[in-house]
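# Architecture and fold: a report
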Amino acid sequence: MSKSKPHIIVEGSESFVLGEIKGNQITYNFEQMLVYLESKGKSVYGQKFRLFEEDRDILFKLCNYVIKDEVNCKKLGLDLNKGILLSGPVGCGKTSLMQLLRYVVPHQKAYKIIPARNIVFGFNHLGYKTIEDYGNGNYFCFDDLGVEPIGRHYGKDCNVMGEIILSRYDLFISTKLKTHVTTNLNAQELEERYGKRVRSRMREVFNLVAFDKNTGDKRK
Ligand SMILES: Nc1ncnc2c1ncn2[C@@H]1O[C@H](COP(=O)(O)OP(=O)(O)O)[C@@H](O)[C@H]1O
Ligand SMILES: [Mg+2]
């Protein structure tokens, strides 16, 4: 990556021009972003990877969000100060997309993708230190929120991800810290799992981007 040309991404012998520089701003081209995402997807996940026409709206939202296109985000109802809550059925491609989108903006600080389940396993071993480790100022995407078991450390139960979300909410308010999550759960199920308080905080810190519940499983 060249520092002055973050919109030109070089992969081996190929370069992908994702837009053009106008003044000191990059104007991204959505179609070119899709070409790059599909190519990167193939190199990461294998030749079977392809972008689906039915996912176009989701891709448009996520692309505009990652490149911080203020005009389009406003139209799309996306708040650039908030994170993304990407929901949809198992296998629709949530985790893959969150992985791939980071490559589109190599000049931005990348979020670490951490499975919620692993965080709870960490908690079971290490206890509340784990909540500090993920409730801090680092930039994370919590993957598969809602499938993790209840944490248990020395006989004490803890809704680990709920606690972490509350900690990060405080940082969102005080320092604009962003968090992303992926989940198979809908709003109702999230509330059942984490309670009203966490759910209402989630509304404040996330833009909801939802795959249709009938989106197919891309493993098949
Ligand atoms: N656009 C795609 N084209 C082909 N295969 C895909 C695509 N997106 C994801 N996959 C594959 O489908 C499976 C499920 O994708 P994943 O991102 O893990 O879904 P989710 O996180 O929504 O459950 C993975 O094996 C992934 O490699
Ligand atoms: Mg996933």
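As a reminder, the structure under discussion sits directly above these lines.
Notes on the structure in this doc start here. Please read these numbers as outputs of a predicted model, since none were measured by experiment. (Residues numbered from 1 in each chain as written. Chains lettered and ligands numbered in written order. Predicted model: local features only at pLDDT ≥ 70, side-chain atom pairs only at ≥ 80, totals over all residues. Heavy atoms only, no water.)

### A look at the side chain of His 153
Residue placement: His 153 occurs in strand S8 (residues 151-153). Here the side chain of His 153 touches Phe 123 through a polar contact of 3.5 Å, landing on its backbone oxygen. Within the structure, His 153 has its side chain in polar contact with the backbone oxygen of Asn 124 (distance 3.2 Å). If we skip the residues at most four places from it in the chain, His 153 touches Phe 123, Asn 124, His 125, Leu 126 and Gly 127. (Helix = DSSP H or I, 4+ residues; strand = E, 2+ residues; numbered from the N terminus. Polar contact = N/O pair within 3.5 Å; in protein donor to acceptor, adjacent residues only side chain to side chain. Contact = heavy atoms within 4.5 Å.)

### Topic: the site of ligand 1
Near ligand 1, the surroundings consist of 15 residues, among which Arg 50, Gly 91, Lys 94, Thr 95 and Ser 96 are the closest. Between ligand 1 and the protein, one listed contact pairs an oxygen atom with a backbone N or O atom of Gly 91 at 2.8 Å. In the environment of ligand 1, an oxygen atom lies 3.0 Å from a nitrogen or oxygen atom belonging to the backbone of Gly 93. About the coverage of ligand 1: the protein hides 81% of its 550 Å² of free accessible area. Broken down by element, the residue count for the shell around ligand 1 peaks at three residues, all from helix H4 (residues 94-104). When grouped by side-chain class, the residues that make up the shell around ligand 1 number six nonpolar, four polar and five charged. (Near = heavy atom within 4 Å. Areas by Shrake-Rupley, 256 points an atom, 1.4 Å probe, with all protein chains shown as cover. Nonpolar A, V, L, I, M, F, W, Y, C, P; charged D, E, K, R; others polar.)

### Quick notes on the pattern of salt bridges
If charged atoms from side chains of opposite charge come close, those side chains can pair. Under the criterion given, the structure shown has nine salt bridges. Residue Lys 129 pairs with Asp 133 through a salt bridge whose shortest N-O separation is 2.8 Å. In this pair, Lys 129 and Asp 133 are both assigned in helix H6 (residues 129-134), four residues apart and thus about one turn of the helix distant. Asp 133 sits in the partly exposed class, given a relative accessible area of 29%. (Salt bridge = Lys/Arg side-chain N within 4 Å of Asp/Glu carboxyl O. Buried < 20%, exposed > 50% of the residue type's maximum accessible area, 1.4 Å probe, protein only.)

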